[in-house]
Amino acid sequence: MDSRRFPFVDSAAGALLDADGRITRWTPQAERLLALRADQVCGRPVRELLADPATWPALLAERAADAWSGRAAVRSGRGEELRVVFQVLPLADGGTGTVAADGGAGAGAGAGAGTPPAGGEASQYFVLAAPAGLVAQWRQDQAFTQELFLQDRVGLAVFDARLRLIRTNTHLLPYSGLPADLQGHRLGDFLQPEDAKAVERHLREVLETGRPMVLSEELVRTIEDPGAGAVMAVSAFRLQSPDGHAIGVTALFTDVTELHRSGERLAVLHRATAAVGASLSVAGTAEDLAAVLAPGMADLAVVEVAEAVFTGEEPVPDQDGRLPLRRAAVAAGTAHARATAAAWAAAAGPPGARPAPVLVDAGGPPTATESPAAMTAPLRARGAMLGRVTVRRDPHRPPYGPADLDLLGEIAARAALAVDNARRYTRERRAAVGLQRNLLPPSQTETAAVSTSSVYLPADTATGIGGDWFDVIPLSSARVALVTGDVVGHGLEASATMGRLRTAVRTLADLDLEPDELLVHLDDLVSRLLVDTGEPEGAGTGTDGGAGPGTDDGPGGLGEDRGAGPDGPWADVWDDTLGPAGHRATAHGATCVYAVYDPVSRRCAVASAGHPPPAVAAPDGTVEYVPVQPGPPLGVGGLPFEVAEVEVAPGSVLALFTDGLIRGYDGDLDVGMAELRRRLARPGVTGVPLPELGRSLVADRPAHRLADDVTLLLARTREVPPEATAVWPVDPDPAAVGLVRERATERLRAWGLEELVFTTELVLSELVTNAIRYAGGPVEVRLVRAERLTCEVSDPSATQPRMRRAHLTDEGGRGLYLVAQLTNRWGSRYTRHGKTIWAEQELP
């Protein structure tokens, strides 16, 4: 016997006494307990072992008619006083006798040690003694084990090595379907097979490894009643024999079903709160809520929202208290629920269909509907009824309880606030989008140079719409300017800044500036805006947004080795000037690309301020990006811009876009540009109507997944044929004016424009005369017939003409006034060799 595991057996001392109370036998355990050998005690009266012999009469007074026990203090061979619990067992031999008070034999009723059993006299006594503390511990263990099997709060089971039940308390599992007598049964005899296997797997692991298991939660369902079952927290430890072999397992089963369900309800509440707060879209919020409720607390979840909420308006019931609702989201977690949802959809029409008006429930708390397996809660926020949410469970699921009703009410209250926030955001966003669209030009335009179509997708973000813009600006001599830009940030402030910049670009374009010069003036304007708003110039530089002027890889130090196509390091260029996710480090900065296309020369000049380059899709199927070197974003200030010129074949498609279009492809600019090139290179793209082409290029970009606004401007180029233009050099001699009139008249008659001969002769006479008088030679005249007739006179002077009011006594000064009165529009532009004065007339 292993004395380390059973110290009570090892410490129990035994002695055999004769009828006179003398020790005749002494066990080895007694020798160890009292440190006295057998030869030291045998033959001695037992009373001599007491620490105080005077207590002997008191011990005798406690004796009984048969076996009796008591407590005593004895003296060990080490001189220690030990308190022991003893028991005396008389060994009857048919005689009578007592233990004398002095430790010897006595007869009758003298001071004997005890009274023999009835019917006989004891000739010997067996005394068993153990330390008092050890006996108390043993008694406590016995009481603990007994009470453990009697209590009904925790299920207790003892299994043998084959996991058969040996002993259980009456409340092993608080669940119906258990046999009356569980002894000898296995768990699989009365539990569902998968549940029994799960519990037995844990018990077998404890039996094999000896490692205790603590509070492992398992679902327990009986074969007789396979409903929702109970969630039990199972703890187990191994039982071993004295020799160390495993003989079984003791397991404790605690019903934590309600605690588990409370945790599940709390988790559903947390998930629902996080889900409905992640979107500012009414439909998205409804979908997120339904996805959490099924299967979180239902097999089928339906969210209905008032029609007015989708447009941002506050829903108002009619005079009968009815409110039209739209089925915004349906989520099904089981096959039965999906079949129910399909039946509903067939009855109510396609998703988004408007059902018949429903009566608004003026009550506050959620109430069960139709059956215990369904509940409905109103979506109510700030005193307004916004909709309702309905949850259902399949018939085999347990019914809803009061805690489920409270949970649905709390979720509905939080979801209603999210829906109302989405409604208010929708209202503000619609106003902002309307403002931005009003600030933008028409989506389609037609000019002599190009036909255009645009696509604008605002990002559905928490900060509102962005500052993307585009423009198509007719210029002199049938040319056209194409512009796209992107203002930092979102919201009304970005839209207002976009409106300023678009107006500024149109004003500067009216001056017929070169693209790089126009961007310099625009950059200066943005820098002044930064100063007016308290931002220092150059705020777009620094560690947040890229390097500043003078660095090798910042916007001011772009080297000549920068690539110009999707295979080049465009991402490196823009990452130097753009912040994370396309937001520039400049607080009020912007990017812009400005392109001028001339249908006469069929050349396109492009300058970029930190903006992606335009793509050119030629009729032969090739697609190239304009090799323009991007300058710094607008607002950096003090840095030049470069111009790239390319020849564009008639019928080509120019694509100008913001970075939101190409950042949608995994955030990699080069990958996005390569994808755009691939789409534009599809066969027949240049012949597809531009609106259709634009929709196909942005078809995979839903608004709620956009990181930034997407703006796309497509322009199909046209040409002015050589026979529609006429150019003549003019000698710097006043007599040459007559020859100019003759040639112009001849060309106009060849074009069938006899009605414009007189006006054109007069306009050219005034312009050529002024050029010869004030600029000298050489002078050149050009006529261009496109949508309008344009008359141009170029000279080497850099002095801009100015129209003034002539007095009655003035001999000159009326030439430009006459030109302005006779033509629809006139102006002048600087060229590399001087200036050009032009005037336009409408064709008959």
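Residues numbered from 1 in each chain as written. Predicted model: local features only at pLDDT ≥ 70, side-chain atom pairs only at ≥ 80, totals over all residues. Heavy atoms only, no water.

A. View of the overall build of the protein chain. Each helix and strand counted, the protein chain has 20 helices and 35 strands in total. Per-residue burial for the protein chain yields a buried fraction of 49% across its 844 residues. Considering only contacts in the protein chain between residues 6 or more positions apart, those separated by 24 or more positions represent 63%. Working note: accessible area of the protein chain is about 39600 Å², and carbon and sulfur atoms make up 53% of it. (Helix = DSSP H or I, 4+ residues; strand = E, 2+ residues; numbered from the N terminus. Buried < 20%, exposed > 50% of the residue type's maximum accessible area, 1.4 Å probe, protein only. Contact = heavy atoms within 4.5 Å. Areas by Shrake-Rupley, 256 points an atom, 1.4 Å probe, with all protein chains shown as cover.)

B. Structural view of the environment of V85. As for its position among the elements, V85 is in strand 4 (residues 81-92). In sequence terms V85 and L134 are 49 residues apart; their C-alpha atoms lie 9.3 Å from each other. Filtering out sequence-adjacent residues up to four positions away, V85 remains in contact with G70, R71, L128, A129, A130, A132, V135 and R139.

C. Structural detail: the sheet that holds strand 25 (residues 603-609). As summarised here, the arrangement of the 5 strands in space is 22-23-24-25-28, forming an open sheet in which the pairing is antiparallel. The two strands at the open ends of the sheet, each matched to only one other strand, are strand 22 (466-474) and strand 28 (643-647). Geometrically, the sheet is characterised by an average inter-axis angle of 15° between neighbouring strands, direction not taken into account. The sheet strands contacting helix 12 (residues 492-509) are strand 22, strand 23 (480-490) and strand 24 (590-598), and the helix crosses strand 22 at an angle near 20°. (Pairing = 2+ DSSP bridges. Axes fitted to C-alpha atoms, helices over the stretch in contact; angles between N-to-C directions.)

D. Highlighting the packing of aromatic side chains. Taken as a whole, this structure holds 1 aromatic pair when the rule is applied. Taking the ring centre of F310 as reference, the NZ or CZ of R326 above it sits at 4.0 Å. (Phe/Tyr/Trp six-rings, centres within 6.5 Å; stacked < 30°, edge-to-face > 60°. Lys NZ or Arg CZ within 6 Å of the ring centre and 35° of its normal.)

E. Here's a closer look at the sheet that holds strand 33 (residues 788-795). The strand order across the open sheet formed by 5 strands is 31-32-33-35-34, and the pairing between neighbours is antiparallel. For this open sheet the edge positions go to strand 31 (725-730) and strand 34 (825-831), each flanked by a neighbour on one side alone. Adjacent strand axes in the sheet meet at a mean angle of 15° when their direction is disregarded. Summarising the sheet, strand 34 and strand 35 (residues 834-842) pair through 7 bridges and their orientation is antiparallel. If you follow T831 over to strand 35, its bridge partner there is G834. Each of strand 31, strand 32 (779-785) and strand 33 is contacted by helix 18 (residues 736-750), which is oriented at about 170° to strand 31, the strand it contacts most.

F. Representation of a nonpolar patch on the surface within the structure. A cluster of nonpolar side chains, namely M803, Y817, L818 and L822, defines an oily patch on the protein surface of about 330 Å² accessible area. Its place among the elements puts Y817 in helix 20 (residues 815-822). (Patch = residues over 30% accessible without salt bridge, like charges linked within 9 Å, V, L, I, M, F, W, Y side chains within 5 Å. Salt bridge = Lys/Arg side-chain N within 4 Å of Asp/Glu carboxyl O.)

G. The arrangement of the packing of helix 18 against helix 19 (residues 757-774) in detail. Here helix 18 crosses helix 19 at 145°, and the two axes come no closer than 9 Å. The crossing of helix 18 and helix 19 is right-handed. Residues V737, V740, R741, A744, T745, L748 and R749 of helix 18 pack against V757, T760, E761, L764, S765, V768, T769 and I772 of helix 19. Along the lines of polarity and charge, the residues of the contact of helix 18 with helix 19 split into 8 nonpolar, 4 polar and 3 charged. (Left-handed = near helix turned anticlockwise from the far one by under 90°. Nonpolar A, V, L, I, M, F, W, Y, C, P; charged D, E, K, R; others polar.)

H. Representation of the pattern of salt bridges in the model. Summed over the entire model, instances satisfying the criterion amount to 34 salt bridges. Between R782 and E792 there is a salt bridge, and its shortest N-O distance comes to 3.0 Å. One end of the pair, R782, is in strand 32; the other, E792, is in strand 33, and 10 residues separate them in sequence. Given a relative accessible area of 16%, R782 falls into the buried group. Salt bridges sharing partners connect three or more residues here, namely E194, D195 and R221.

I. Representation of the pairing of strand 28 in the model. Side-chain alternation along strand 28 places A644 and V646 on a buried face and V643, E645 and E647 on a face that remains uncovered. Where strand 25 meets strand 28, 5 bridges bridge the pair, whose relative direction is antiparallel. Along strand 28, the bridge assignment pairs C604 with V646.

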